[in-house]
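Structure assessment
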Amino acid sequence: MQDIFRFRIAIQTILDYKKTTITLTLLFMLISVMYAGMFPAFKEPLEEMGETGLFDSFSNFFGPATFDMATYVGFLNLELYQIFWMIILGIVIGFIAASIVSKEIEGKTIDLLMSNPVSRKQIVFEKFIGLIPMTLIINFGTMLAVIGITIVIGEELDFGNLFLTHVASVPYFLAILGIAILISVIINEKMKASITFIALLMGMYVIETMSKTVPDYESIGVVSITHYFVPYDTLKFGDFNIGSALILICVTTVCMVISLIYFEHKDITV
Amino acid sequence: MNVIETNNLTKYYGKIKGVEDLTLSVKKGEIFGFLGPNGAGKTTTIRTLLGYLTPTRGSATIFGRNIEDDIVEIKREVAYIPGDLNIYSHMTGKEFLNYFAALRNREMTLLNELLVIFDVPLDRKLKGYSKGMKQKIGIIQAFMDDPEMVIMDEPTSGLDPLLQQKFYDFLIKQKKRGKTMFLSSHILGEVDRVCDRVGIIRDGNLIALEDVETLKSKRGKKIRLKIKEKPETFAGPKDMKVKDGWIEFIAINDIDSWIKKFSKYTIQDLVISDFSLEDIFIHYYED
């Protein structure tokens, strides 16, 4: 029993993704510095746009935060968090996680891995654990980059709220990992699994956007995980919605439990 | 004591038969050969025994433990060399062996000995390994912690003849130390050389299960001869064959009478050999 607590597969997963973690962290740090650094140049044109009422049409898609776009917090939220954070980083992490089991099956390395005294549950669970450090490092690395650039350009930002936003994004990314791993244990080809994940996340995002723009569809947004992470509320007001975080943790747990049960009974053919 | 016991072990992939009603036992300290052509069900049997596939019906135990309930415990004492060996290509040989040693979590008592026999470039990435090197590291990982049994799916594919011989020597040495080995093969010479008993599988069904020696002694000698006269004129047995001018047939316990018969012809060439498993094999598959 004690073998489970040695987390050897998890440690190996962390090592396997060491380079990817460093690359992605640097990339997202760079992107955040670039976007935040652009704000001083955009500030005046954005204020003028706001006066002409142009934001009204966008507000359908990005919510009330749109009206705040000419401020630093609003700009960060829209340019960085809503697009690069929730969608692009969500896709990148989910893309990797969706291949985590399927690539071992497709590449047949699972045969040798399973020849060791490790249970199937242990393999799936430790792979999940092994991906969490990557998610956290990208997450808080980016946060540090945002703090740095904010100080450099001399804009005002509540760093406590910023920290809380990054903490609030943890359950969101855990849910992404959970969903992606579920896909990964079901689909045996890694590329197919990754693409299925992207389609699912984009589908959820579209549904949620639709629920905001089309009055009759208001309630369908609840099926999307993007519904449960609203960076603007935390970044601007320091609101941390515990209920939403719990829902995301539930999604993660349910996906993982199904993954463990499904993988336990799956035939591993050659 | 039986190490493996299967009882009507059956695996269907949907409607396609993999293996059906397999009942056999493997004894402690023997080398068991599992013979059959490609697609006969060898790999399906092995993968079912090792928990990769769930049996459709029937049951099996390894070291007295049920394969469906206790597979993790079983794998502490049973190692596996897959037929289609795929290793983590991004790791070096050393990283790979360290990873697996950590998963086994016990002393790697045979590692140094194995590294001397099966020399592999440990600091090179596995993606740069040739097929033979991969096979060697596959053998090393299986035996390195000296497990009680190793199940091997065509383990010598990719090894040159010299290494094959080293591998057979190693297997025999392990056997003398009381270890059990189960190896599947379609190469008969291999089974002929190292195995104590053999099970022959065809179309998912076990068709023979015997001691290698008994099997061979039953079948007499194989005679091949070339005569100056037309081969067709030779009064051989009914199952005599003529191939490229050679007359071929099997003599069972009556070599003497055949030799006397040969004296009536002008012999150009003559080969009398033991009936190899290959011949037996062909015999079983021709039925």
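Residues numbered from 1 in each chain as written. Chains lettered and ligands numbered in written order. Predicted model: local features only at pLDDT ≥ 70, side-chain atom pairs only at ≥ 80, totals over all residues. Heavy atoms only, no water.

Let us look at the interface of chain B and chain A. In this complex, chain B contributes 29 residues to the contact, which on the side of chain A involves 27 residues. Summed over both sides, the interface of chain B with chain A buries roughly 2,600 Å², with 52% coming from carbon and sulfur. Ranking the residues of chain B by area buried against chain A places Tyr-52, Tyr-99 and Leu-103 of chain B at the top, with a combined share of 24%. On the surface where chain B and chain A come into contact, there are 3 salt bridges. The salt bridge partner of Arg-47 of chain B is Asp-111 of chain A, with a shortest N-O separation of 2.7 Å. In this assembly, chain B and chain A are joined by 15 residue pairs in polar contact (both at pLDDT 80 or more). Breaking the side of chain B that touches chain A down by element, the ones donating at least two residues are strand E1 (2–13), helix H1 (42–49), helix H2 (71–77), strand E6 (78–81) and helix H3 (93–104) of chain B. When residues of the side of chain B that touches chain A are assigned to their parent elements, the largest contribution, 6 residues, is made by H3 of chain B. Residues of the side of chain B that touches chain A, tallied by class, amount to 16 nonpolar, 7 polar and 6 charged. (Contact = heavy atoms within 4.5 Å. Buried area = accessible area lost by both parts, 1.4 Å probe. Salt bridge = Lys/Arg side-chain N within 4 Å of Asp/Glu carboxyl O. Polar contact = N/O pair within 3.5 Å; in protein donor to acceptor, adjacent residues only side chain to side chain. Helix = DSSP H or I, 4+ residues; strand = E, 2+ residues; numbered from the N terminus. Nonpolar A, V, L, I, M, F, W, Y, C, P; charged D, E, K, R; others polar.)

Turning next to the pattern of salt bridges. For the coordinates displayed, the defined rule picks out 23 salt bridges over all chains. Close ionic contact of Lys-11 of chain B with Asp-267 of chain A constitutes a salt bridge, the shortest N to O distance being 2.5 Å. Pair noted here: Lys-11 of chain B is in strand E1 and Asp-267 of chain A is in the segment after helix H11 (242–264), and the two residues belong to different chains. For Asp-267 of chain A, a relative accessible area of 27% puts it in the partly exposed group. (Buried < 20%, exposed > 50% of the residue type's maximum accessible area, 1.4 Å probe, protein only.)

This part is about the domain arrangement of chain B. The domain architecture assigned to chain B consists of domain 1 (2–215) and domain 2 (219–286). Distance between the C-alpha centres of domain 1 of chain B and domain 2 of chain B: 37 Å. (Domains from an automatic or database assignment.)

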